[in-house]
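Read off the chains here:
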2 protein chains.
Amino acid sequence: MAVFQNRMPRYEILSEDAMATLDKGWRRLVTEIGVEFMSDRALDLFRQAGQKVEENTVFFDPDFILEQVAKAPREFDVAARNPANSIHIGGDSMAFGAVYGPPFVRAGEVRRDATMDDFRNFTKLAQTFDALDSAGGVVCEPNDTPLDSRHLDMTYALQTLTDKPYMGNVVSGVNAADTIAMGSILFGGRDVIEKTPASISLINCNSPLKWDDRMLEAQFEYSAANQAVVLTPFILMGAMSPVTIPAALVQQITEALTGITLSQLIRPGSPCLFGSFLSNIDMQSGSPTFGTPESGIGLLCTGQIARHFGLPFRTGGALTSSQVPDAQAGYEALMTMLPTFLAGTNWVMHSAGWLEGGLVAGFEKFIMDIELLQMLRVEFTPLEIDEESMAFGAHEEVGHGGHFLGAMHTMERFRTCFYRPLLSSSENYERWMRNGGVDAAGRATKIYQKKLEEYEAPAIDDAVREELEEYVVRRRKELGD
Amino acid sequence: MAVFQNRMPRYEILSEDAMATLDKGWRRLVTEIGVEFMSDRALDLFRQAGQKVEENTVFFDPDFILEQVAKAPREFDVAARNPANSIHIGGDSMAFGAVYGPPFVRAGEVRRDATMDDFRNFTKLAQTFDALDSAGGVVCEPNDTPLDSRHLDMTYALQTLTDKPYMGNVVSGVNAADTIAMGSILFGGRDVIEKTPASISLINCNSPLKWDDRMLEAQFEYSAANQAVVLTPFILMGAMSPVTIPAALVQQITEALTGITLSQLIRPGSPCLFGSFLSNIDMQSGSPTFGTPESGIGLLCTGQIARHFGLPFRTGGALTSSQVPDAQAGYEALMTMLPTFLAGTNWVMHSAGWLEGGLVAGFEKFIMDIELLQMLRVEFTPLEIDEESMAFGAHEEVGHGGHFLGAMHTMERFRTCFYRPLLSSSENYERWMRNGGVDAAGRATKIYQKKLEEYEAPAIDDAVREELEEYVVRRRKELGD
């Protein structure tokens, strides 16, 4: 298990007083405003557990919520079919998945509907780079495949083109059940995946304060099977929450904790993450905006809040509003990804490829984001400071005003001492021009194309592959596609 | 005085043990290897103060260094001719100057020798944006003006086109004396600027462990006149220091502290900054690289180290190796500027316009960097978390699954609740295409051109301006240009 361990300090910006105020806030929200659950099964569970239910709204006892939340494991594993790629969620571990959900792709100057072929290519790229622990789930929306059985094609691609953990489909309870069935085939039985989850799935809240039926159906399937779920308030401040960040944080706590409470009622001890997708809209246009200062602040607070409740958490990513992989895409992606590391985020979705507010999966952007991930892994590795690292001998060797390039101390270390970039160029101007004067986006094109050419599928047992294929064919027929 | 106050926590990554090890390191370096000073005046001062001098090398008693360093003020002001623009250096204050030193400029697709006209344009842009506290000094190298009197033209431009603080010329003692003389004219007498410094000047070390004569001559002038100096080790790890970061940090401490010691011998109590310019080279090509993980780590450590010695400090900037204002320029600039804020840097050079490893001052890059500065100011402003900010009433108004856009709570705050971008676009794809499909660099062109068109020179007393002009004309003649 090679998931990145962030041993650097957490950057925490909420005082104890601030945290106490937020605590008062969510307690008041769950008690007085309550949360809507558009599922009779969910309402029944809450009613049986003694919570006040009026129509679809549940009014909670805050201490009941904390009791349930305490049943969720603080840390857990998610299995990959290659055990070396299994991930740990929680503690100092940070695991990264690719972009999730875009209906469009961008490759160079072309922006178009995403296809199953794009889906496979992004999945292959995710397999290729060590910086990604998972291709995620809906890496892009394969619009050229039949809608009702699309989840089978995606899951099959994730299971066969990578040997890393994958995310489960959440469009419906039926889709979730299919994902679980295919996981059972891949891992050798439902009992196996019930022991160690073999998927991690995104359950979004219809913020503010409402959980919709289809997502809840998926949650019921996954939590019952002890699969990991990420209960995620989907908040663009100004639209899905009040415009003030503290209000968004309080709402986020309310939504995440009530979602986790439901999972614990479905199956006590089932693995849950405190989810966060928190940015804001542009108040002039109503457009969603990403990589904003407000989202950075929200991100840092989220980490601290999740730790306050003893929960592993998901937030961050390489988000941007930019339409193209330009300077804005570069700085906005880092404006979210660097705080993602500062917060010590356990599960990071949208780590590579996110473009245009998540509407587009960008091939060039994918490569840029890999570069950021690789750099930040180095940056968030603690320094070793000891007598030897101070290199007194190198100073004796070089002297005042001298040059360390040829020093023995340098020669012994030059291959590994500094991060070697994947994408960034430090060529001098003349050489850069001789090489075509290509900017970062142009270089990224060449890199992703080369990586796709070099891609090798990870080995898989033929019998397992056949069983998966049969499942897909059979279920597609049953679903009428 | 409107300089940004960073009231957020500092992100500190060195343990007490690590700091103690670094302390042992610099003590050993100053004692056993010593530091070269290519100035008889400096050597005489050190000899008189009881330090061991052999040829040009001074071997220090580390406690003597700490005694001298303790005489430097922890905080001080640098005056602007418009008192509202004076800056405070130290404590929570962060002040920002533009790029310093590039011989070339880039405007759109054109890269060429910088001219005095470019110098004036960058200076005007620096005056225009509140995010910059100073145009800096050599905003770019005006190659079309005579070399020996160029400092007069630059200083005159900085004094008249802005009413913000400026940096002093450091090419020689003569140039420094001219800068001081012109400051005395602008501020109404040498006694006035000796009371509150009217310039801040960059004294670079010829790293490793060597201070050159011309910079030292400038330092003598400035410190004698009680002007602020930034004693800056100029370290590209692998070339000017060993490849290990701890070694670079120890060397940086040694160089900065010995430079500050000299200033305190020249004039006890004169204002000094602990300077840092710390990145690394690419070990394959030998090219300098910026925005690297190693530079980020160095930057965070530098802040902590400077505070350890009770000194205000300079580090960071919006550095990049990129040849053009592309995605790499965006993420590398932020990869240095975000840690610059995390470290709570007091004086930030190269905050806007730095491109191509500092060889190029870029007009588009300037605008991108202003955007980053503006965003980070918002991000590093503490949240106010109180009952009202939690907006309980907005939830009562909107209800489950509702929309906050039209809520009263939103309407009352929508103008100021979120950062409004200068450069970043969140236009939807269709609108963005209708508007020309222009990327961030293209939009930046329009912004800087418009700002230059709108520029208005800050008022200056006619008599003062005439006296400055006369000084420039007279000195140019004396210098033979």
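Structural data are supplied above this passage.
Residues numbered from 1 in each chain as written. Chains lettered and ligands numbered in written order. Predicted model: local features only at pLDDT ≥ 70, side-chain atom pairs only at ≥ 80, totals over all residues. Heavy atoms only, no water.

Quick word on the interface of chain B and chain A
By a widespread convention, an interface's size corresponds to the accessible area lost as its parts come together. Facing 121 residues of chain B, the contacting portion of chain A comprises 121 residues. Among the residues chain B hides against chain A, the three largest losses belong to B:Y331, B:H400 and B:F418. Together they make up 9% of the total. Taken together, the connections running from chain B to chain A amount to two salt bridges. Here B:E387 makes a salt bridge to A:R28, at a shortest N to O gap of 3.7 Å. (Contact = heavy atoms within 4.5 Å. Buried area = accessible area lost by both parts, 1.4 Å probe. Salt bridge = Lys/Arg side-chain N within 4 Å of Asp/Glu carboxyl O.)

Examining the environment of A:A318
Residues and elements named next belong to chain A. By secondary structure assignment, the location of A318 is in the loop between strand 16 (313-314) and helix 11 (327-342). Looking at A318, the relative accessible area reads 1%, which means it is buried. C-alpha separation for the pair A318 and D63, spaced 255 residues apart in sequence, amounts to 36 Å. Ignoring anything within four residues of it in the chain, the contact list for A318 reads A333, T336, M337, H350, S351, W354, K365 and D369. (Helix = DSSP H or I, 4+ residues; strand = E, 2+ residues; numbered from the N terminus. Buried < 20%, exposed > 50% of the residue type's maximum accessible area, 1.4 Å probe, protein only.)

Here's the deal with the relation of the copies chain B and chain A
Two chain copies, one operation linking them: a rotation about an axis together with a shift along it. Expressed as a screw operation, the relation of chain B to chain A combines 0.0 Å of axial shift with a rotation of 180°, fitting to an RMSD of 0.0 Å. The two molecules are tied by a two-fold rotation axis, judged by turn and shift. Residues of chain B ranked by C-alpha distance from the rotation axis are headed by B:A327, positioned 1.9 Å from it. A shared binding surface is used by both copies, with 100% of the interface residues of chain B retained as interface residues in chain A. (Least-squares fit on C-alpha atoms with pLDDT ≥ 70 in both.)

Regarding the sheet that holds strand 19 (residues 354-355) of chain B
All names here are of chain B. Read across the open sheet, the four strands follow the order 9-8-20-19; overall the sheet is mixed. Each edge of the open sheet is held by one strand with a lone partner, namely strand 9 (110-113) and strand 19. Of the strand pairs in this sheet, strand 8 (residues 104-107) and strand 20 (residues 360-362) are connected by three bridges, and their pairing is parallel. Bridge pairing in strand 20 places R106 opposite G362. (Pairing = 2+ DSSP bridges.)

A short note on the sheet that holds strand 8 (residues 104-107) of chain A
Strand pairing in a sheet is mediated by backbone hydrogen bonds. Such pairs are either parallel or antiparallel. Residues and elements named next belong to chain A. Here we have four strands laid out as an open sheet, ordered 9-8-19-18, and mixed in their pairing. Every interior strand has two partners, whereas the edge strands, strand 9 (110-113) and strand 18 (354-355), have only one. When strand 18 meets strand 19 (residues 360-362), the two strands line up antiparallel, connected through two bridges. Among the inter-strand pairings, L355 is bridged to a residue of strand 19, identified as V360. Its contacts with the sheet place helix 12 (residues 363-379) against strand 8, strand 18 and strand 19, and it is angled at close to 65° to strand 19. (Axes fitted to C-alpha atoms, helices over the stretch in contact; angles between N-to-C directions.)

Some details on the side chain of B:D133
Residues and elements named next belong to chain B. Assignment of secondary structure puts D133 in the loop between helix 4 (116-128) and helix 5 (150-161). Owing to a relative accessible area of 8%, D133 belongs among the buried residues under this scheme. Here D133 is in contact with V3, I87, M94, A95, F96, K164, P165 and R377, once residues within four sequence places are set aside.

Describing helix 4 of chain B
The terminal C-alpha atoms of helix 4 of chain B, which comprises 13 residues, lie 18 Å apart, in line with the 18 Å expected from a rise of 1.5 Å per residue. Contacts made by the buried residues of helix 4 of chain B are with strand 8, strand 9, helix 5, strand 20, helix 12 (363-379) and helix 16 (440-454) of chain B. (Expected span 1.5 Å × (residues − 1).)

Quick word on the pattern of salt bridges
Scanning the model with the defined rule gives 46 salt bridges over all chains in all. A salt bridge links A:E141 to A:R150, with the nearest nitrogen and oxygen atoms 2.8 Å apart. Judged by relative accessible area, which is 21%, A:E141 ranks as partly exposed. Overall, A:R150 belongs to the buried group, its relative accessible area being 7%. When the shortest N-O distance is used, the salt bridge between B:R28 and B:E32 registers 3.3 Å. With B:R28 and B:E32 both in helix 1 (residues 16-33), this residue pair falls four residues apart, about one helical turn. Among the charged side chains, a salt-bridge network with shared partners connects A:D178, A:R474, A:R475 and A:E478.

Section: the packing of helix 6 (residues 173-187) of chain A against helix 17 (residues 462-478) of chain A
All names here are of chain A. Contact geometry for helix 6 and helix 17: axes closest at 9 Å, N-to-C directions at 160°. Relative to helix 17, the element helix 6 lies roughly antiparallel. Considering how the two elements wind past one another, helix 6 and helix 17 form a crossing that is right-handed. For the pair helix 6 and helix 17, contact is made by V174, A177, D178, A181, M182, I185 and L186 and by V464, E467, L468, Y471, V472 and R475, respectively. In terms of residue class, the contact of helix 6 with helix 17 is made up of ten nonpolar, no polar and three charged. (Parallel < 35°, antiparallel > 145°, perpendicular 65-115°, else oblique. Left-handed = near helix turned anticlockwise from the far one by under 90°. Nonpolar A, V, L, I, M, F, W, Y, C, P; charged D, E, K, R; others polar.)

Some thoughts on unusual backbone geometry
Residue and element names in this part refer to chain A. The peptide bond linking S207 to P208 adopts the cis configuration, its omega dihedral lying at 5°. Mapped onto the fold, P208 is located in the loop between strand 10 (200-205) and strand 11 (210-211). We note that A391 has phi near 55°; this positive angle belongs to a residue other than glycine. By the element assignment, A391 lies in the loop between helix 12 and helix 13 (392-398).

So, the packing of aromatic side chains
Tallied over the full model, the rule gives 35 aromatic pairs over all chains. Ring centres of A:F290 and A:W354 lie 5.1 Å apart, and the angle between their planes is 75°; on these two criteria the pair is classed as edge-to-face. One end of the pair, A:F290, is in the loop between strand 15 (288-289) and helix 10 (293-308); the other, A:W354, is in strand 18, with 64 residues separating them in the sequence. Judged by its relative accessible area of 3%, A:F290 falls in the buried class. Using a relative accessible area of 3% as the deciding quantity, one classes A:W354 as buried. Ring plane angle 55° and centroid distance 4.7 Å describe the contact between B:F37 and B:F46, whose orientation is recorded as tilted. Taken individually, B:F37 and B:F46 each receive the classification buried, so the pair is uniform in this respect. Grouped by ring-pair contacts, the aromatic residues A:F4, A:Y11, A:F96, A:F341, A:F380, B:F4, B:Y11, B:F96, B:F341 and B:F380 constitute a single cluster. Geometry around A:F104 places A:R111 over its ring, the cationic atom sitting 4.3 Å from the centre. One cation-aromatic arrangement involves B:R41 over B:F220; the distance from NZ or CZ to the ring centre is 4.1 Å. (Phe/Tyr/Trp six-rings, centres within 6.5 Å; stacked < 30°, edge-to-face > 60°. Lys NZ or Arg CZ within 6 Å of the ring centre and 35° of its normal.)

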